Amino acid sequence: MRLRLIDVVRGMLLAALALPLAAWSHGDWPPQHGGVMNVGGETSFELVQRRAGVHFHVSDHGEVLSTTGSKATLSVKRARKEKTFDGKPRGESELFFPKAKVTEEDNVQVRVTFGNGSVALGRFPARSQQTNASIAPINRLANIDGRLQRFR
């Protein structure tokens, strides 16, 4: 009986230790393009703010997802007002939303209908609603050359 209890305790400890590793491996962390990663979901979206607009790099468990033939909509909620932007594919796995700007206080959601008909959502909650410490503030994103730049 005693040996069995020890085995149960060991199994519970191993499961408890493995749980954070399983949660960590679910997303594609860290960001690969100097942006911020979405919260949850099967599909990973990396939001990268540039002067000309917002870019999203799309992947699934580290594998690039083709955005060819996809249609995308960006929803930005700020102070009870919502703006939407239509996006277009750019490159192999990138979506671009010209003239879109986001700040750390915006609730951002991107919705993509891929060329094969499948749909994915990426959510980026406002900084005041974030609970994941690994998500950087949106207004402190890296520029293409790696320098940090503020966007307001």
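Everything below is about the structure shown above.
What comes next concerns the included structure. Computed from a prediction, not measured in an experiment: that's the story for all the values here.

A positive phi angle is found at Arg80, which is not glycine, with a value near 65°. If you trace the backbone, Arg80 turns up in the loop between β5 (71–78) and β6 (81–90). On the accessibility criterion, Arg80 (90% relative accessible area) is exposed. Although it is not a glycine, Lys99 sits at a positive phi angle of roughly 65°. The residue Lys99 is located in the loop between β7 (94–98) and β8 (107–113) in this model. A residue is classified by how much of its surface remains accessible, and Lys99, at 73% relative accessible area, is exposed.

By the definition in use, this model includes one salt bridge. Note that Asp106 and Arg78 form a salt bridge whose closest N and O atoms lie 2.7 Å from each other. Of this pair, Asp106 sits in the loop between β7 and β8 while Arg78 sits in strand β5; the two residues are 28 residues apart in sequence, bridging distant segments of the chain. Exposure remark for Arg78: the relative accessible area of 36% places this residue in the partly exposed category.

Calculation criteria
- Residues numbered from 1 in each chain as written.
- Predicted model: local features only at pLDDT ≥ 70, side-chain atom pairs only at ≥ 80, totals over all residues.
- Heavy atoms only, no water.
- Helix = DSSP H or I, 4+ residues; strand = E, 2+ residues; numbered from the N terminus.
- Buried < 20%, exposed > 50% of the residue type's maximum accessible area, 1.4 Å probe, protein only.
- Salt bridge = Lys/Arg side-chain N within 4 Å of Asp/Glu carboxyl O.

None of this, on its own, says anything about what the molecule does.
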